[in-house]
2 protein chains.
Amino acid sequence: MDTNPSDTTGLPANVLDPDCPSRVIFQRIGDKWASLVVQVLADRPVRFSELRKMVSVVTPKVLTQTLRSLERDGLVTRTVHAQVPPRVDYELTDLGRSLLEPLAQLRKWAEGNVPAILAARDAYDDAQDEALLG
Amino acid sequence: MDTNPSDTTGLPANVLDPDCPSRVIFQRIGDKWASLVVQVLADRPVRFSELRKMVSVVTPKVLTQTLRSLERDGLVTRTVHAQVPPRVDYELTDLGRSLLEPLAQLRKWAEGNVPAILAARDAYDDAQDEALLG
DNA sequence: AGCTATCAGTATCAAATAGATACCGTCTTT
DNA sequence: AAAGACGGTATCTATTTGATACTGATAGCT
């Protein structure tokens, strides 16, 4: 594994390099809606209006932006059916599907550990309140 | 696994619920700097100024915000040493350390697949340019 | 005594991003 | 003729992110 000579972390150099693959993917996952959309598309093509319902709070503008960027990255395809009313299906590519497994791992971690995170938040916020009130 | 009766996705209901654990963690990972910081802290405590150097482009304000939120979530501890000049160490908690494995999986995926993503981007952008220029 | 440096941040302001809300064009159904 | 389905776009506002400058405590040097 390729390392940077001034590296003191033991991590591969690329995680710390702004142009590295890992940062690209963490940005991708980091997108507020992208990973959710990928998971909603897991099983079958889904049309725009269905996505809106499923990812209930997202606005159409932001959903469009999310889908366009997933399409640009080759994770999702967009298929327009010449019908009226229009029908546009979004579907995972093979590349997109390959992301499902690491995402599932993360979700599994979440299911086990998010309660601890929420508890930590409550404890932290209580401590902050105490500090303010004296 | 608990499902929603109106669910048409096959996903566990919680991924689509705004208050669900999975969303909490995807927000957490989604934070632009948080997952990077967690990985930088993987092996040992690191002080503030070191973090700044390692995650080179982050501004101090944003790094502070990131660290505070990781601390609030119980993923990182902050230890102030009464010295001059001051020394503040950040270190992963057990909970934080447990996140390293799923993150490593994601990084592994990234290393294999980011080239394909970058290629897709180039192809997409070229196609856009063509469409504009006629 | 005064000057400079180290460290861990804040304060202030500008820029980029996300979100709310309203609207559009095409066709079908009523 | 009116209303509705669908897949968006346009416009404006609110929130988040980022750039830059600055602070306070102390140590070491001159």
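Residues numbered from 1 in each chain as written. Chains lettered and ligands numbered in written order. Predicted model: local features only at pLDDT ≥ 70, side-chain atom pairs only at ≥ 80, totals over all residues. Heavy atoms only, no water.

Asker: So what's going on with the sheet that holds strand β1 (residues 46-47) of chain A? Which residues, and what values?
Answerer: Residues and elements named next belong to chain A. The strand order across the open sheet built from 3 strands is β1-β3-β2, with neighbouring strands paired in antiparallel fashion. The open sheet terminates on both sides in strands that have one partner only, identified here as β1 and β2 (76-81). In this structure, β2 lies alongside strand β3 (residues 87-92), joined through 6 bridges in antiparallel fashion. The residue of β3 that forms the bridge with Thr77 is Glu91. Along the sheet, helix α4 (residues 60-72) contacts β2 and β3; its crossing angle with β2, the most-contacted strand, is approximately 115 degrees. (Pairing = 2+ DSSP bridges. Helix = DSSP H or I, 4+ residues; strand = E, 2+ residues; numbered from the N terminus. Contact = heavy atoms within 4.5 Å. Axes fitted to C-alpha atoms, helices over the stretch in contact; angles between N-to-C directions.)

Asker: Would you mind going over the protein's contact with DNA strand D in detail, with residue names and values included?
Answerer: Near DNA strand D lie 19 residues; those nearest to it are A:Ser49, A:Arg78, A:Pro86, B:Lys32 and B:Lys61. Near the protein, meaning within 4 Å, the atoms of DNA strand D are sugar or phosphate in a fraction of 73%, with bases accounting for the rest. Here a phosphate oxygen of DNA strand D and a side-chain polar atom of A:Tyr90 are 2.9 Å apart. Interatomic distance of 2.8 Å between a side-chain N/O atom of B:Lys32 and a phosphate oxygen of DNA strand D. Examining the composition of the surface near DNA strand D, we find that 4 residues originate from one element, α4(A), more than from any other. Residues of the surface near DNA strand D, tallied by class, amount to 9 nonpolar, 3 polar and 7 charged. (Near = heavy atom within 4 Å. Polar contact = N/O pair within 3.5 Å; in protein donor to acceptor, adjacent residues only side chain to side chain. Nonpolar A, V, L, I, M, F, W, Y, C, P; charged D, E, K, R; others polar.)

Asker: A description of helix α4 (residues 60-72) of chain B should follow, citing residues and the corresponding values.
Answerer: All names here are of chain B. Counted at 1.5 Å a residue, the expected span for α4 with its 13 residues is 18 Å, and the 18 Å between its end C-alpha atoms agrees. If you check which residues of α4 are buried, you get Leu63, Thr66, Leu67 and Leu70. Projected down its long axis, α4 shows its buried positions confined to an angular sector of 95 degrees, all on one face. Following α4 by one or two positions, Gly74 adopts a phi angle in the positive range, close to 75 degrees. (Expected span 1.5 Å × (residues − 1). Buried < 20%, exposed > 50% of the residue type's maximum accessible area, 1.4 Å probe, protein only. Arc of directions from axis to C-beta.)

Asker: Tell me about the environment of B:Gly30, and please be specific about residues and values.
Answerer: For B:Gly30, the position within the fold is in helix α1 (residues 21-30). The buried category is assigned to B:Gly30, whose relative accessible area is 15%. Sequence-distant contacts of B:Gly30, that is, excluding residues within four places in its chain, are made with A:Ile29, A:Gly30 and B:Ile25.

Asker: Provide a residue-level description of the interface of chain A and chain B, including the pertinent values.
Answerer: Listed per partner, the contact involves 56 residues of chain A and 56 residues of chain B. Here chain A packs against chain B, burying approximately 5300 Å² in sum over the two surfaces, 65% of which is carbon and sulfur. Interface area lost by chain A to chain B is led by A:Phe26, A:Arg72 and A:Trp109, which between them contribute 14%. At the junction of chain A and chain B, the tally comes to 4 salt bridges. (Buried area = accessible area lost by both parts, 1.4 Å probe. Salt bridge = Lys/Arg side-chain N within 4 Å of Asp/Glu carboxyl O.)

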